[in-house]
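An overview of the molecular structure
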Amino acid sequence: MAVRAIVISGDPVLHSPAASVEEFDDDLRVLVQDMYETMDAAPGVGLAAPQVGVPLRLFTYSYLDDDDRSWRGVAINPELWITPVPAGEADEDEDVEGCLSYPGERFPLLRSPSAILRAVDLDQEPFEIHAEGWLARIFQHEYDHLDGTLYVDRLEHFYAKIANKVTRKRGWGIPDLSWVPGVDNLED
């Protein structure tokens, strides 16, 4: 088990749909364990396999909600249903989101306030979670990664322009860029 490098925006693995997980074997268990370690070291609340360079449909999540309930798990071959995104503009305080594949930057983005996640775990046991608020946001963010979409791809025009400037300034937007939590400090 190890902390893996996190791929930065611009790498093709982040911008392409991921493949379904077919084999539930020891390699998959090692990948998931590594993803937990990487997510925790970053630190983050979610991590999709494409973010560590693996084009498979799975993500890990770890979140403590306002009721002190811990949500931690892996969603393999997930399906996600969401309620409509509310009309209006994203709130610059309440709707700010970040991404480990776009490190150090945060932008407001409206998301659906609720979602239903259906997936299987490492033992191929199906599960379903009805999520609200930030947990729903986390599931939407990670699920987007499995379809080759980063949150910056969804930003309103004003914030998309800023994100494009950041990408150019930091030299992102090209393949083979990554950072390693605990080694590189890209959050500054």
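Up top you'll find the structure we're talking about.
Our subject in this report is the structure included herewith. Treat the numbers as computed from the prediction; the structure is a model and nothing was measured. (Residues numbered from 1 in each chain as written. Predicted model: local features only at pLDDT ≥ 70, side-chain atom pairs only at ≥ 80, totals over all residues. Heavy atoms only, no water.)

Glancing now at the side chain of Asp95. Note on placement: Asp95 falls in the loop between β4 (70–82) and β5 (96–99). Judged by its relative accessible area of 14%, Asp95 is buried. A distance of 2.8 Å separates a polar side-chain atom of Asp95 from the backbone nitrogen of Asp91. Leaving out residues up to four positions away in the same chain, Asp95 has contacts with Ala90, Phe107, Pro108, Leu109, Leu110 and Arg137. (Helix = DSSP H or I, 4+ residues; strand = E, 2+ residues; numbered from the N terminus. Buried < 20%, exposed > 50% of the residue type's maximum accessible area, 1.4 Å probe, protein only. Polar contact = N/O pair within 3.5 Å; in protein donor to acceptor, adjacent residues only side chain to side chain. Contact = heavy atoms within 4.5 Å.)

Right, let's get into the nonpolar core. Among the nonpolar cores identified, the biggest contains 37 residues, and Leu58, Tyr102 and Leu155 are the most heavily contacted of them. At the level of secondary structure, the elements contributing two or more residues to this core comprise β1 (6–7), α1 (26–41), β4, β6 (102–108) and α3 (157–170). When residues of this core are assigned to their parent elements, the largest contribution, 6 residues, is made by α1. Excluding residues that lie within four positions of it along the chain, Tyr102 makes contacts with Ser9, Phe107, Tyr151, Val152, Ala163, Asn164, Val166, Thr167 and Trp172. One finds Trp71, Ala119, Phe139 and Tyr143 within the second-largest nonpolar core, a separate group that totals 18 residues. (Core = buried A, V, L, I, M, F, W, Y, C linked by side-chain atoms within 4.5 Å.)

For the rest of this paragraph, the subject is α3. Because an α-helix packs 3.6 residues into every turn, residues spaced three or four apart end up facing the same way. Helix length check: α3 (14 residues) gives 20 Å between terminal C-alpha atoms against 20 Å at 1.5 Å per residue, within 8%. Where α3 is concerned, the buried positions are Tyr159, Ala160, Ala163, Val166 and Thr167. Seen along its axis, α3 keeps its buried residues to an arc of 120°; they face one direction. Every exposed residue of α3 that faces more than 90 degrees away from the buried side is listed here: His157, Phe158, Lys165, Arg168 and Lys169. (Expected span 1.5 Å × (residues − 1). Arc of directions from axis to C-beta.)

To continue, consider the environment of Val54. Note on placement: Val54 falls in the loop between β2 (46–48) and β3 (58–64). Separated by 41 residues in the primary sequence, Val54 and Val13 place their C-alpha atoms 7.3 Å from one another. With residues up to four places along the chain from it excluded, the contact list for Val54 reads Arg4, Val13, Leu31 and Ala49.

Under the criterion given, the structure shown has 7 aromatic pairs. With 6.1 Å between their ring centres and 45° between their planes, Phe59 and Phe139 make a pair best called tilted. With Phe59 in strand β3 and Phe139 in helix α2 (residues 133–146), this residue pair connects regions lying 80 residues apart in the sequence. Phe139 carries the same exposure label as Phe59, and that label is buried. Centre to centre, the rings of Tyr102 and Trp172 are 4.9 Å apart; their planes meet at 75°, and the pair counts as edge-to-face. Within this pair, whereas Tyr102 is found in strand β6, its partner Trp172 is found in the loop between α3 and β9 (178–179), the two being separated by 70 residues in sequence. Residue Tyr102 is classed as buried on the basis of its relative accessible area of 0%. Trp172 sits in the buried class, given a relative accessible area of 10%. Over the aromatic face of Tyr143 sits the side chain of Arg57, whose NZ or CZ is 5.4 Å from the ring centroid. (Phe/Tyr/Trp six-rings, centres within 6.5 Å; stacked < 30°, edge-to-face > 60°. Lys NZ or Arg CZ within 6 Å of the ring centre and 35° of its normal.)

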